[in-house]
Amino acid sequence: MADMEMKLTKQNFDAEVLQADLPVLVDFYADWCGPCKMMAPVVEKLADELSGKVKVFKVNVDDEPELAQRYRVVSIPTFLIFKDGEVKSNDVGAMSAAQLTEKVKQVLA
């Protein structure tokens, strides 16, 4: 799960997300956010299940406010799914593992 260890910054975002050869799930979160903490194991499990099909990264909105602004993230957690450099799905708030998996699989289809 090396991808989950990778936190995105404004320096590596374009290379890791916009130029990625696979779809990318980006979890915008903050350490103090309860729903974000609740979603962390869900995101981690999804990253394991779809390894090799989807890249999964996290963006701490407190550390990277420019990225949050760039993608108009006003509530967290926010999950953006990118494919071919474009946002294909934008979802805000906690959801079940099945719901998040379904959203990713829709982009993969």
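As a reminder, the structure under discussion sits directly above these lines.
To start, this report covers the structure provided alongside it. Remember, predicted model here, so these are calculated numbers, not experimental data. (Residues numbered from 1 in each chain as written. Predicted model: local features only at pLDDT ≥ 70, side-chain atom pairs only at ≥ 80, totals over all residues. Heavy atoms only, no water.)

Concerning the pattern of salt bridges
Okay, step 1: All chains considered together, the criterion is met by seven salt bridges.
Okay, step 2: A salt bridge links D14 to R70; the shortest N-O distance between them is 2.7 Å. Separated by 56 residues along the polypeptide, D14 in helix α2 (residues 13–18) and R70 in helix α4 (residues 65–70) bring together distant segments of the chain.
Okay, step 3: Given the relative accessible area of 31%, D14 is considered partly exposed.
Okay, step 4: Among the salt bridges present, the one from E16 reaches K55, with a minimum N-O distance of 3.9 Å. (Salt bridge = Lys/Arg side-chain N within 4 Å of Asp/Glu carboxyl O. Helix = DSSP H or I, 4+ residues; strand = E, 2+ residues; numbered from the N terminus. Buried < 20%, exposed > 50% of the residue type's maximum accessible area, 1.4 Å probe, protein only.)

Structural notes on the packing of helix α3 (residues 34–49) against helix α5 (residues 97–108)
Okay, step 1: For the pair α3 and α5, interaxial distance at closest approach is 10 Å and the crossing angle is 45°. The orientation of α3 relative to α5 falls into the category oblique. α3 and α5 meet at a crossing whose hand is right-handed. Facing α3, whose interface residues are M39, V42, V43, L46 and E49, α5 presents A97, L100, T101 and V104.
Okay, step 2: A class-by-class count of the residues in the contact of α3 with α5 yields seven nonpolar, one polar and one charged. (Axes fitted to C-alpha atoms, helices over the stretch in contact; angles between N-to-C directions. Parallel < 35°, antiparallel > 145°, perpendicular 65-115°, else oblique. Left-handed = near helix turned anticlockwise from the far one by under 90°. Contact = heavy atoms within 4.5 Å. Nonpolar A, V, L, I, M, F, W, Y, C, P; charged D, E, K, R; others polar.)

Brief notes about the packing of aromatic side chains
Okay, step 1: Under the definition given, this model contains three aromatic pairs.
Okay, step 2: Centre to centre, the rings of F13 and F82 are 5.8 Å apart; their planes meet at 75°, and the pair counts as edge-to-face. Within this pair, whereas F13 is found in helix α2, its partner F82 is found in strand β3 (residues 78–83), the two being separated by 69 residues in sequence. The residues F13 and F82 share a single accessibility class, namely buried.
Okay, step 3: Ring centres 5.3 Å apart and planes at 90° place the aromatic pair Y71 and F82 in the edge-to-face group. (Phe/Tyr/Trp six-rings, centres within 6.5 Å; stacked < 30°, edge-to-face > 60°.)

With respect to the nonpolar core
Okay, step 1: Formed by 21 residues in total, the largest nonpolar core has its most connected members in F13, V17, V26, F28, I76 and F82.
Okay, step 2: For this core, the secondary structure elements donating two or more residues are α2, β1 (24–29), β2 (55–60), α4 and β3.
Okay, step 3: With 15 residues, the next largest nonpolar core counts L25, V42, A47 and M95 among its residues. (Core = buried A, V, L, I, M, F, W, Y, C linked by side-chain atoms within 4.5 Å.)

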